[in-house]
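Structural overview for review
Residue strings, one per chain:
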Amino acid sequence: MKRQSSASRRSPRAALFLQVDAAAPLSLQRQIRQRLFEAIVGGDFPPGKRLPSSRELSRQLGVARNTVVLACQQLIVEGHLIARPRSGLYVNEDVVKSLALSARLAKSETEEPAGVNWRARMKSPLPEAELYRCPPDWQKYPYPFFEGRFDSSLYPIAEWREATRLALGVKQVHDWSTDAGNADDPMLVKEICEKVLPRRGIKARPDQVLLMPGVPEALSLLTELLVSRDTRVCIEEPGHIAMRQLLERRGIAPVFRKVDQNGLVVTPALRGIDLLYITPSHQRPTGATLSMERRASLLKQAKARDFIIIEDDFECETNYLDDAFPALRGLPGGERVIYVSGLSRALSPGLRLGF
């Protein structure tokens, strides 16, 4: 076994891009010292990380190495850097923390940042507080009741790794990486039409399918197209908070309809609406499934009362326990339904792909 060299055992050096101006009134040495100081205080160099060598800095800046060495020696004297024999220069963690604290205390809370006042330019002000936000450490909770999160214990990881390996072959990468211009990828649309949608009872032509970066983007597009201030929109209660926020930003006060163990309660009260948003296969957030009787009744009411249904089937590919009911879009009368789904949960949480 080869022994690891001393250079490879050292902590990785932080990358930095500095510039100096030979025509500036300050000397090159003072400019380098100032740039390094700003990088240290600004956090470009994390405390305890090794700096680039004086040889690397002199080559990057195009100045003599002695000029860099003198600038670094000044920072060592001031306590911002620590020189470790046969290792290099490191940021002094204690000094950086004290400098950062002093900067925060000196800055007024009401002080406006220099430059453009972006808040004044926002045409649609963002809400002061979000109604729902999943904590980043949700997996550490003993009982994480957060819908829509990835559970690795239920995922076929081995099969996914093998599919990924096959998809990353030279020929395959050349095939799927070709730019299709302004059109969606025809192979992906074909797969959705022939393999994904039929499992939900839906027959669709390629020209009826629109690919999106994700389900949220699809819902945002639909609200832009179908919703104005005088549109009467009905949503489930409890329901998908993100959809409620989209409507509120459009100036809409939605009509709420209750959900029970069989999904949305379909009653004659649905009259007088233009649009219904529903999650029938896996209701958000209760997880209830809309019964077949209610699906048929809902489609009859949509035709009789002339309203459109947005069917959010966000977890169509993650039903491992039961035989799924056909989608509303695939039932008689489904021509009034806009079907929205995605592949992010089936393929990878980081892959934003909806249709």
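Just above, that's the structure.
Below is a short write-up of the structure. (Residues numbered from 1 in each chain as written. Predicted model: local features only at pLDDT ≥ 70, side-chain atom pairs only at ≥ 80, totals over all residues. Heavy atoms only, no water.)

Once that is clear, we can look at the sheet that holds strand β4 (residues 255-260). Pairing is mixed across the open sheet formed by six strands, whose spatial order is β5-β4-β3-β6-β7-β8. Only two strands of the sheet have a single neighbouring strand rather than two, namely β5 (263-264) and β8 (337-340). In terms of strand pairing, strand β7 (residues 308-312) meets β8 through four bridges, oriented parallel. What sits directly across from Ile310, in β8, is Ile338. Across the sheet, helix α10 (residues 215-226) lies against β6 (275-278), β7 and β8, angled at about 155 degrees from β8, the strand it touches most. (Pairing = 2+ DSSP bridges. Helix = DSSP H or I, 4+ residues; strand = E, 2+ residues; numbered from the N terminus. Contact = heavy atoms within 4.5 Å. Axes fitted to C-alpha atoms, helices over the stretch in contact; angles between N-to-C directions.)

Across the junction of Glu237 and Pro238, the peptide omega takes the value 0 degrees, indicating a cis bond. Inspection of the secondary structure puts Pro238 in the loop between β3 (233-237) and α11 (241-249). Here Arg284 and Pro285 are connected by a cis peptide whose omega angle stands at 15 degrees. Along the chain, Pro285 turns up in the loop between β6 and α12 (292-304). The phi dihedral of Arg86 is positive, around 60 degrees, even though this residue is not glycine. Within the secondary structure layout, Arg86 lies in the loop between β1 (81-84) and β2 (88-91). Among the residues examined, Arg86 registers a relative accessible area of 83% and is labelled exposed. Phi at Asp306 is positive, roughly 55 degrees, even though this residue is not glycine. Tracing the sequence through the fold places Asp306 in the loop between α12 and β7. Among the residues examined, Asp306 registers a relative accessible area of 53% and is labelled exposed. (Buried < 20%, exposed > 50% of the residue type's maximum accessible area, 1.4 Å probe, protein only.)

Further remarks concern a nonpolar patch on the surface. A cluster of nonpolar side chains, Leu210, Leu221, Leu225 and Leu226, forms an exposed patch at the surface whose accessible area comes to about 350 Å². Among the structural elements, Leu210 can be located in the loop between α9 (186-196) and α10. Residue classification places Leu210 among the partly exposed residues on the basis of a relative accessible area of 46%. (Patch = residues over 30% accessible without salt bridge, like charges linked within 9 Å, V, L, I, M, F, W, Y side chains within 5 Å. Areas by Shrake-Rupley, 256 points an atom, 1.4 Å probe, with all protein chains shown as cover. Salt bridge = Lys/Arg side-chain N within 4 Å of Asp/Glu carboxyl O.)

Looking now at α12. Helix length check: α12, at 13 residues, gives a terminal C-alpha distance of 19 Å against a target of 18 Å (1.5 Å per residue), a fit within 8%. Within the sequence span of α12, burial applies to Arg294, Arg295, Leu298, Leu299, Gln301 and Ala302. Seen from one end, α12 has its buried residues packed into an arc of 160 degrees, which puts them on one side. Seen from the open side of α12, the exposed residues pointing more than 90 degrees away from its buried face are Glu293, Lys300, Lys303 and Ala304. Turning to α12, the residues buried within the fold contact β4, β5, β6, β7 and β8. Positive backbone phi, approximately 55 degrees, marks Asp306, located one or two places after α12. (Expected span 1.5 Å × (residues − 1). Arc of directions from axis to C-beta.)

What follows deals with the packing of helix α3 (residues 54-61) against helix α4 (residues 65-77). The geometry of α3 relative to α4 is characterised by a closest axis approach of 8 Å and an angle of 120 degrees between their N-to-C directions. With respect to each other, α3 and α4 are oriented oblique. When you trace α3 past α4, the crossing you get is right-handed. Note on element contacts: α4 touches α3 through Arg65, Val68 and Val69, opposite Ser54, Arg55, Leu57 and Ser58. A class-by-class count of the residues in the contact of α3 with α4 yields three nonpolar, two polar and two charged. (Parallel < 35°, antiparallel > 145°, perpendicular 65-115°, else oblique. Left-handed = near helix turned anticlockwise from the far one by under 90°. Nonpolar A, V, L, I, M, F, W, Y, C, P; charged D, E, K, R; others polar.)

Here the focus is the packing of α10 against α11. Here α10 crosses α11 at 30 degrees, and the two axes come no closer than 10 Å. By the angle between their directions, the pair α10 and α11 is classed as roughly parallel. Considering how the two elements wind past one another, α10 and α11 form a crossing that is right-handed. Between α10 and α11, the contacting residues are Leu219, Ser220 and Thr223 on the first element and Met243, Leu246 and Leu247 on the second.

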